[in-house]
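The primary structure of each chain is shown beneath.
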Amino acid sequence: MSNLEEKETISQFISDYLSYLEMERGLSKNTILAYQSDLISFFDFLSNEKEVILDDLKRKDFSLYTKFLAKNEINPSTITRKIASIKGFFKYICNKRIIKTNPTASIVSPKLPKRLPKVLSINELEKILEQKLEIQDYAIVELLYSAGLRVSELVQLELKNIDLAQQTIKVFGKGSKERIVPIGKKCAEILKKHLKKRELIALKYNSKPYLFLTDKGQKITRQRVYKLIHSLGGAVEKDISPHTIRHSFATHLLERGADLRVVQELLGHSSIVTTQLYTHISKKTLREVYFRING
(Lines give C-alpha, C1' and ligand atoms only; values in the text may rest on other atoms or scores of the structure.)
Protein backbone atom coordinates (compact mmCIF):
# COMPACT_ATOMS: atom_id res chain seq x y z
CA MET A 1 0.00 0.00 0.00
CA SER A 2 1.36 3.46 -0.95
CA ASN A 3 1.78 6.25 1.61
CA LEU A 4 -1.15 8.14 0.02
CA GLU A 5 -3.37 5.05 0.21
CA GLU A 6 -2.40 4.51 3.84
CA LYS A 7 -3.32 8.13 4.64
CA GLU A 8 -6.71 7.72 2.96
CA THR A 9 -7.30 4.48 4.86
CA ILE A 10 -6.43 6.10 8.20
CA SER A 11 -8.79 9.00 7.38
CA GLN A 12 -11.57 6.48 6.78
CA PHE A 13 -10.84 4.69 10.07
CA ILE A 14 -10.96 8.03 11.90
CA SER A 15 -14.27 8.84 10.21
CA ASP A 16 -15.68 5.44 11.25
CA TYR A 17 -14.47 5.97 14.81
CA LEU A 18 -16.07 9.41 15.05
CA SER A 19 -19.36 7.97 13.74
CA TYR A 20 -19.12 5.29 16.44
CA LEU A 21 -18.61 7.97 19.12
CA GLU A 22 -21.66 9.84 17.89
CA MET A 23 -24.04 6.94 17.25
CA GLU A 24 -22.98 4.39 19.88
CA ARG A 25 -21.52 6.53 22.66
CA GLY A 26 -23.79 9.56 22.19
CA LEU A 27 -20.97 12.07 22.57
CA SER A 28 -21.64 15.73 21.81
CA LYS A 29 -20.65 17.37 18.54
CA ASN A 30 -18.04 19.53 20.29
CA THR A 31 -16.42 16.49 21.94
CA ILE A 32 -16.31 14.64 18.61
CA LEU A 33 -14.70 17.65 16.91
CA ALA A 34 -12.05 17.67 19.65
CA TYR A 35 -11.34 13.96 19.07
CA GLN A 36 -11.09 14.58 15.33
CA SER A 37 -8.65 17.46 15.81
CA ASP A 38 -6.51 15.42 18.23
CA LEU A 39 -6.25 12.44 15.86
CA ILE A 40 -5.50 14.54 12.79
CA SER A 41 -2.76 16.42 14.69
CA PHE A 42 -1.22 13.14 15.86
CA PHE A 43 -1.11 11.54 12.41
CA ASP A 44 0.14 14.77 10.81
CA PHE A 45 3.02 14.74 13.29
CA LEU A 46 3.83 11.09 12.59
CA SER A 47 3.74 11.52 8.81
CA ASN A 48 6.39 14.24 9.11
CA GLU A 49 8.61 11.84 11.04
CA LYS A 50 8.16 8.56 9.16
CA GLU A 51 5.97 6.52 6.86
CA VAL A 52 2.87 5.73 8.89
CA ILE A 53 1.78 2.09 8.94
CA LEU A 54 -0.73 1.37 11.69
CA ASP A 55 0.47 -2.16 12.44
CA ASP A 56 4.08 -0.98 12.77
CA LEU A 57 3.53 1.75 15.35
CA LYS A 58 5.34 1.33 18.66
CA ARG A 59 5.09 2.93 22.07
CA LYS A 60 8.10 5.13 21.29
CA ASP A 61 6.12 6.81 18.47
CA PHE A 62 3.58 8.03 21.00
CA SER A 63 6.33 9.10 23.42
CA LEU A 64 7.86 11.23 20.66
CA TYR A 65 4.52 12.93 20.14
CA THR A 66 3.97 13.73 23.82
CA LYS A 67 7.54 15.09 24.04
CA PHE A 68 6.80 17.23 20.97
CA LEU A 69 3.65 18.61 22.63
CA ALA A 70 5.47 19.35 25.88
CA LYS A 71 8.33 21.03 24.00
CA ASN A 72 5.78 23.30 22.31
CA GLU A 73 4.38 24.26 25.72
CA ILE A 74 1.00 22.64 25.21
CA ASN A 75 -1.09 22.76 28.39
CA PRO A 76 -0.74 19.49 30.43
CA SER A 77 -4.52 19.04 30.55
CA THR A 78 -4.65 19.35 26.75
CA ILE A 79 -1.88 16.75 26.40
CA THR A 80 -3.84 14.40 28.68
CA ARG A 81 -6.95 14.86 26.53
CA LYS A 82 -5.00 14.22 23.32
CA ILE A 83 -3.54 11.01 24.74
CA ALA A 84 -7.04 9.88 25.74
CA SER A 85 -8.30 10.57 22.19
CA ILE A 86 -5.46 8.57 20.64
CA LYS A 87 -5.84 5.65 23.08
CA GLY A 88 -9.57 5.51 22.39
CA PHE A 89 -8.99 5.37 18.63
CA PHE A 90 -6.41 2.57 18.81
CA LYS A 91 -8.55 0.56 21.19
CA TYR A 92 -11.41 0.88 18.69
CA ILE A 93 -9.43 -0.25 15.64
CA CYS A 94 -7.85 -3.09 17.64
CA ASN A 95 -11.30 -4.31 18.74
CA LYS A 96 -12.34 -4.14 15.06
CA ARG A 97 -9.29 -6.31 14.23
CA ILE A 98 -7.94 -3.61 11.93
CA ILE A 99 -4.62 -3.92 13.80
CA LYS A 100 -3.31 -7.03 15.57
CA THR A 101 -2.23 -5.41 18.83
CA ASN A 102 -2.96 -2.10 20.52
CA PRO A 103 0.32 -0.13 20.78
CA THR A 104 -1.24 2.28 23.30
CA ALA A 105 -2.44 -0.40 25.74
CA SER A 106 0.47 0.13 28.15
CA ILE A 107 0.45 3.94 27.92
CA VAL A 108 -0.71 5.54 31.16
CA SER A 109 -2.22 9.00 30.96
CA PRO A 110 -0.53 11.40 33.41
CA LYS A 111 -2.50 12.23 36.54
CA LEU A 112 -3.23 15.92 36.74
CA PRO A 113 -3.56 17.68 40.08
CA LYS A 114 -7.17 18.58 40.74
CA ARG A 115 -7.62 22.32 40.51
CA LEU A 116 -10.48 23.85 42.45
CA PRO A 117 -12.67 25.83 40.06
CA LYS A 118 -13.32 29.51 40.62
CA VAL A 119 -16.41 30.30 42.66
CA LEU A 120 -18.32 33.56 43.02
CA SER A 121 -19.82 34.61 46.31
CA ILE A 122 -23.51 35.51 46.46
CA ASN A 123 -22.51 39.16 46.91
CA GLU A 124 -20.39 38.99 43.76
CA LEU A 125 -23.27 37.46 41.79
CA GLU A 126 -25.59 40.20 43.01
CA LYS A 127 -23.04 42.81 41.99
CA ILE A 128 -22.86 41.29 38.49
CA LEU A 129 -26.66 41.38 38.17
CA GLU A 130 -26.82 44.98 39.43
CA GLN A 131 -25.21 46.09 36.17
CA LYS A 132 -27.44 47.52 33.46
CA LEU A 133 -28.23 44.44 31.37
CA GLU A 134 -30.43 43.65 28.41
CA ILE A 135 -33.28 41.41 29.55
CA GLN A 136 -31.92 38.42 27.59
CA ASP A 137 -28.45 38.80 29.14
CA TYR A 138 -30.05 39.06 32.57
CA ALA A 139 -32.06 35.90 31.87
CA ILE A 140 -28.96 34.03 30.71
CA VAL A 141 -27.00 34.79 33.89
CA GLU A 142 -29.99 34.08 36.13
CA LEU A 143 -30.74 30.76 34.42
CA LEU A 144 -27.10 29.62 34.44
CA TYR A 145 -27.05 30.17 38.20
CA SER A 146 -30.60 29.14 39.09
CA ALA A 147 -30.30 25.79 37.25
CA GLY A 148 -26.52 25.23 37.25
CA LEU A 149 -26.48 24.68 33.50
CA ARG A 150 -23.58 23.93 31.21
CA VAL A 151 -23.31 26.54 28.45
CA SER A 152 -24.01 23.85 25.82
CA GLU A 153 -27.24 22.96 27.65
CA LEU A 154 -28.28 26.61 27.85
CA VAL A 155 -27.96 27.38 24.13
CA GLN A 156 -29.89 24.22 23.19
CA LEU A 157 -32.93 25.02 25.35
CA GLU A 158 -36.19 25.30 23.40
CA LEU A 159 -39.47 26.92 24.44
CA LYS A 160 -41.04 23.49 24.96
CA ASN A 161 -38.35 22.75 27.59
CA ILE A 162 -39.58 25.58 29.83
CA ASP A 163 -42.48 25.14 32.27
CA LEU A 164 -42.90 28.46 34.07
CA ALA A 165 -46.06 27.32 35.85
CA GLN A 166 -44.17 24.47 37.53
CA GLN A 167 -40.92 26.47 37.61
CA THR A 168 -38.94 23.67 35.96
CA ILE A 169 -36.87 23.20 32.81
CA LYS A 170 -36.06 20.07 30.86
CA VAL A 171 -32.34 19.84 30.15
CA PHE A 172 -30.47 17.55 27.76
CA GLY A 173 -26.95 17.05 29.07
CA LYS A 174 -23.92 15.04 27.96
CA GLY A 175 -24.87 12.01 25.91
CA SER A 176 -28.36 13.53 25.48
CA LYS A 177 -29.24 12.50 29.05
CA GLU A 178 -32.46 14.21 30.12
CA ARG A 179 -33.06 15.76 33.52
CA ILE A 180 -35.68 18.05 35.05
CA VAL A 181 -34.25 20.99 37.00
CA PRO A 182 -36.23 23.41 39.20
CA ILE A 183 -35.73 27.17 38.86
CA GLY A 184 -36.45 29.89 41.39
CA LYS A 185 -39.35 32.32 41.38
CA LYS A 186 -37.07 35.23 40.48
CA CYS A 187 -35.65 33.32 37.50
CA ALA A 188 -39.16 32.43 36.29
CA GLU A 189 -40.22 36.09 36.46
CA ILE A 190 -37.18 37.21 34.44
CA LEU A 191 -37.82 34.51 31.86
CA LYS A 192 -41.41 35.76 31.45
CA LYS A 193 -40.09 39.24 30.64
CA HIS A 194 -37.51 37.79 28.29
CA LEU A 195 -40.13 35.74 26.43
CA LYS A 196 -42.14 38.88 25.61
CA LYS A 197 -39.16 40.48 23.86
CA ARG A 198 -38.11 37.17 22.30
CA GLU A 199 -41.58 36.79 20.74
CA LEU A 200 -41.12 40.04 18.78
CA ILE A 201 -37.80 38.84 17.34
CA ALA A 202 -39.17 35.38 16.59
CA LEU A 203 -42.17 36.78 14.68
CA LYS A 204 -39.98 39.14 12.68
CA TYR A 205 -37.51 36.45 11.58
CA ASN A 206 -39.70 33.33 11.73
CA SER A 207 -37.16 31.88 14.14
CA LYS A 208 -36.66 28.33 15.35
CA PRO A 209 -38.03 27.64 18.84
CA TYR A 210 -34.85 28.21 20.86
CA LEU A 211 -35.19 30.09 24.12
CA PHE A 212 -32.32 32.47 23.44
CA LEU A 213 -31.95 34.19 20.06
CA THR A 214 -29.66 36.75 18.47
CA ASP A 215 -31.06 40.08 17.24
CA LYS A 216 -31.33 38.38 13.82
CA GLY A 217 -33.43 35.53 15.14
CA GLN A 218 -30.70 32.88 15.15
CA LYS A 219 -29.87 30.56 18.04
CA ILE A 220 -27.20 32.15 20.24
CA THR A 221 -23.79 30.49 20.26
CA ARG A 222 -21.64 29.22 23.10
CA GLN A 223 -19.07 31.86 22.14
CA ARG A 224 -21.67 34.62 22.56
CA VAL A 225 -22.44 33.42 26.10
CA TYR A 226 -18.75 33.08 27.00
CA LYS A 227 -18.11 36.62 25.78
CA LEU A 228 -21.05 37.96 27.80
CA ILE A 229 -20.04 36.28 31.07
CA HIS A 230 -16.39 37.23 30.65
CA SER A 231 -17.35 40.89 30.18
CA LEU A 232 -19.61 40.83 33.25
CA GLY A 233 -16.75 39.55 35.40
CA GLY A 234 -15.22 43.02 35.23
CA ALA A 235 -17.74 44.18 37.83
CA VAL A 236 -16.08 41.95 40.43
CA GLU A 237 -12.59 42.10 38.91
CA LYS A 238 -12.57 38.39 38.12
CA ASP A 239 -11.91 36.39 34.96
CA ILE A 240 -15.06 34.24 34.84
CA SER A 241 -16.84 31.91 32.43
CA PRO A 242 -20.29 30.26 32.33
CA HIS A 243 -18.73 27.30 34.16
CA THR A 244 -17.77 29.63 37.03
CA ILE A 245 -21.46 30.30 37.55
CA ARG A 246 -22.26 26.57 37.42
CA HIS A 247 -19.54 25.91 40.01
CA SER A 248 -20.95 28.68 42.19
CA PHE A 249 -24.45 27.15 41.99
CA ALA A 250 -23.17 23.76 43.22
CA THR A 251 -20.95 25.20 45.93
CA HIS A 252 -23.67 27.43 47.37
CA LEU A 253 -26.09 24.48 47.53
CA LEU A 254 -23.60 22.35 49.46
CA GLU A 255 -22.70 25.20 51.79
CA ARG A 256 -26.38 25.39 52.69
CA GLY A 257 -26.60 21.70 53.51
CA ALA A 258 -27.86 20.19 50.23
CA ASP A 259 -27.32 16.44 49.87
CA LEU A 260 -24.46 15.48 47.55
CA ARG A 261 -26.70 13.10 45.58
CA VAL A 262 -29.23 15.87 44.98
CA VAL A 263 -26.51 18.20 43.67
CA GLN A 264 -25.24 15.38 41.45
CA GLU A 265 -28.71 15.00 39.96
CA LEU A 266 -29.16 18.75 39.44
CA LEU A 267 -25.78 19.08 37.70
CA GLY A 268 -26.32 16.00 35.53
CA HIS A 269 -23.09 14.32 36.65
CA SER A 270 -22.91 10.64 35.70
CA SER A 271 -20.55 9.97 38.63
CA ILE A 272 -20.75 11.33 42.15
CA VAL A 273 -16.94 11.46 42.17
CA THR A 274 -17.18 14.55 39.94
CA THR A 275 -19.66 16.18 42.31
CA GLN A 276 -17.44 15.47 45.33
CA LEU A 277 -14.98 18.07 44.06
CA TYR A 278 -17.40 20.74 45.30
CA THR A 279 -17.18 19.46 48.87
CA HIS A 280 -13.51 20.50 48.85
CA ILE A 281 -14.50 23.97 47.70
CA SER A 282 -17.09 24.26 50.46
CA LYS A 283 -14.57 23.22 53.14
CA LYS A 284 -12.03 25.67 51.74
CA THR A 285 -14.60 28.49 51.84
CA LEU A 286 -15.62 27.66 55.42
CA ARG A 287 -11.97 27.70 56.54
CA GLU A 288 -11.45 31.10 54.92
CA VAL A 289 -14.52 32.53 56.63
CA TYR A 290 -13.46 31.08 60.00
CA PHE A 291 -9.95 32.55 59.86
CA ARG A 292 -11.29 35.92 58.66
CA ILE A 293 -13.45 36.06 61.79
CA ASN A 294 -11.06 34.46 64.29
CA GLY A 295 -7.71 35.60 62.91
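Predicted, not measured: the structure shown is a model, and the values here were computed from it.

Definitions and limits used
Residues numbered from 1 in each chain as written. Predicted model: local features only at pLDDT ≥ 70, side-chain atom pairs only at ≥ 80, totals over all residues. Heavy atoms only, no water. Helix = DSSP H or I, 4+ residues; strand = E, 2+ residues; numbered from the N terminus. Buried < 20%, exposed > 50% of the residue type's maximum accessible area, 1.4 Å probe, protein only. Contact = heavy atoms within 4.5 Å. Areas by Shrake-Rupley, 256 points an atom, 1.4 Å probe, with all protein chains shown as cover. Lys, Arg positive; Asp, Glu negative; His and termini not counted. Salt bridge = Lys/Arg side-chain N within 4 Å of Asp/Glu carboxyl O. Pairing = 2+ DSSP bridges. Expected span 1.5 Å × (residues − 1).

Draft legend 1. How the structure looks around the overall build of the protein. Within the protein, the secondary structure is distributed over twelve helices and three strands. Here the protein, with 295 residues, has 40% of them falling under the buried criterion. Residue pairs at least 24 apart in sequence account for 58% of intrachain contacts in the protein once pairs closer than 6 positions are excluded. For the protein, the accessible area works out to roughly 17,900 Å², and carbon and sulfur atoms hold 52% of it.

Draft legend 2. Examining the side chain of arginine 246 more closely. The topology assignment puts arginine 246 in helix α10 (residues 242-255). It turns out arginine 246 is buried and unbridged, and the closest side chain with the opposite charge, glutamate 153, is 4.4 Å from it. If sequence neighbours within four positions are ignored, arginine 246 has contacts with Gly148, Leu149, Arg150, Glu153, Arg179, Leu267 and His269.

Draft legend 3. Representation of the pairing of strand β2 (residues 168-172) within the structure. Here β2 shows one buried face, formed by Ile169 and Val171, and one open face, formed by Thr168, Lys170 and Phe172. Of the pairings in the sheet, the one linking strand β1 (residues 162-163) to β2 comprises two bridges and is antiparallel in character. Looking at the pairing, isoleucine 162 lines up with isoleucine 169 of β2. In this structure, the hairpin formed by β1 and β2 is closed by a connection of four residues, where glutamine 167 is found at a positive phi of approximately 55°. When β2 meets strand β3 (residues 178-182), the two strands line up antiparallel, connected through five bridges. Paired with valine 171 across the two strands is arginine 179, which belongs to β3.

Draft legend 4. Quick look at the pattern of salt bridges. Evaluated as defined, the whole model comprises nine salt bridges. Across the pair glutamate 142 and lysine 186 runs a salt bridge whose closest N-O atoms are separated by 4.0 Å. Remark: lysine 186 occurs in helix α8 (residues 185-205) and glutamate 142 occurs in helix α6 (residues 135-147); sequence separation between them is 44 residues. In this structure glutamate 142 comes out as buried when scored by relative accessible area, which is 9%. In this structure, glutamate 153 engages arginine 179 in a salt bridge whose closest nitrogen and oxygen atoms are separated by 2.9 Å. With a gap of 26 residues between them, glutamate 153 in helix α7 (residues 151-156) and arginine 179 in strand β3 connect regions that are remote in the sequence. In this pair, the class of glutamate 153 matches that of arginine 179, namely buried. It is possible to trace a salt-bridge network through shared partners that takes in Asp38, Arg81 and Lys82.

Draft legend 5. Focus on helix α4 (residues 76-95). Under the 1.5 Å per step criterion, the end-to-end length of α4 is 29 Å for 20 residues, consistent within 8% with the ideal 28 Å. Listed in full, the buried residues belonging to α4 are Ile79, Thr80, Lys82, Ile83, Ser85, Ile86, Phe89, Phe90, Tyr92, Ile93 and Cys94. Backbone geometry just after α4 places arginine 97 at a positive phi near 60°.

Draft legend 6. Seen up close, the sheet that holds β2. Strand order in the open sheet formed by three strands is β1-β2-β3, and the pairing between neighbours is antiparallel. Of all the strands in the sheet, just β1 and β3 have a single pairing partner and so form its edges.

By themselves, these figures tell us nothing about what the structure is for.
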